[in-house]
Amino acid sequence: MSKIEVTQSHYSDRILNRLKRALGLSAITALVLVSSTAVASDTMRVTGQQVRGIGSRGQLNGGKFEIPHGKTGTISQASSTGNGFWISKTDSQGVYQLLEQFRPPSSQAEGLTLSSGKYRALPNLQRNQRSARVELTIELK
């Protein structure tokens, strides 16, 4: 084998090895990007309102949300214009049962993790307050 053939073969091998490494890193990078996308979370915004009424004429509006099966939700932001708020979860018969109650500041709820299921978040009215709202931001994972 001549010296020229050995040199060409050596360079060909080096180029081939560099290509393999570059392709390997690209494949790993692509795999990491796909994994990051699959793990990315969804954000849910929930708003509930309570309006005071005389007797049974009060109103509870909105505040219903669902954490899909196989996911969890973590409250990342919470605010209320009333005297805090409460979260209820449906039981096996579909009836809402009190899960947790938060007094001001509503930010105390931040970090609370909720399992899959159907929920409702509604504000507590302050004395002599006509209406109040609660707003939650929930990160799903």
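Right above here is the structure, for reference.
In short, a report on the structure.

Rules of the game
Residues numbered from 1 in each chain as written. Predicted model: local features only at pLDDT ≥ 70, side-chain atom pairs only at ≥ 80, totals over all residues. Heavy atoms only, no water. Core = buried A, V, L, I, M, F, W, Y, C linked by side-chain atoms within 4.5 Å. Buried < 20%, exposed > 50% of the residue type's maximum accessible area, 1.4 Å probe, protein only. Helix = DSSP H or I, 4+ residues; strand = E, 2+ residues; numbered from the N terminus. Contact = heavy atoms within 4.5 Å. Pairing = 2+ DSSP bridges. Axes fitted to C-alpha atoms, helices over the stretch in contact; angles between N-to-C directions. Salt bridge = Lys/Arg side-chain N within 4 Å of Asp/Glu carboxyl O.

**Considerations on the nonpolar core**
Phase 1: Judged by nonpolar contacts, the single largest core of 17 residues is most densely connected at Phe65, Ile67, Phe85, Ile87, Leu136 and Ile138.
Phase 2: Going through the elements one at a time, β1 (42-51), β3 (64-67), β4 (73-80), β5 (85-90), β8 (117-123) and β9 (131-140) are the ones with two or more residues in this core.
Phase 3: It is β9 that provides the largest number of residues to this core, a total of 4 residues.
Phase 4: Discounting chain neighbours no more than four positions away, the residues touching Leu136 are Met44, Arg45, Val46, Ile75, Gln77, Ala78, Phe85, Ile87 and Ala121.

**Digging into the sheet that holds β5**
Phase 1: Pairing in this open sheet of 4 strands is antiparallel, and the strands run β3-β8-β5-β6 from one edge to the other. Taken across any chain shown, the strands that pair with only one partner, and hence form the sheet edges, are β3 and β6 (96-102). Taken pair by pair, the neighbouring strands of this sheet meet at an average axis angle of 30°, ignoring direction.

**Concerning the pairing of β1**
Phase 1: Here β1 runs beside β9; their pairing, made up of 10 bridges, is antiparallel. Bridge pairing in β9 links Val46 to Leu136.
Phase 2: Sheet topology places β1 next to strand β2 (residues 59-62); 4 bridges connect them, and they run antiparallel. The residue of β2 that forms the bridge with Gln50 is Leu60.

**Topic: the pattern of salt bridges**
Phase 1: Tallied over the entire structure, the rule returns 2 salt bridges.
Phase 2: The closest approach of N and O atoms between Asp42 and Lys71, which form a salt bridge, is 3.7 Å. Within this pair, whereas Asp42 is found in strand β1, its partner Lys71 is found in the loop between β3 and β4, the two being separated by 29 residues in sequence.
Phase 3: The partner of Arg133 in a salt bridge is Glu135, with the nearest N and O atoms 3.2 Å apart.

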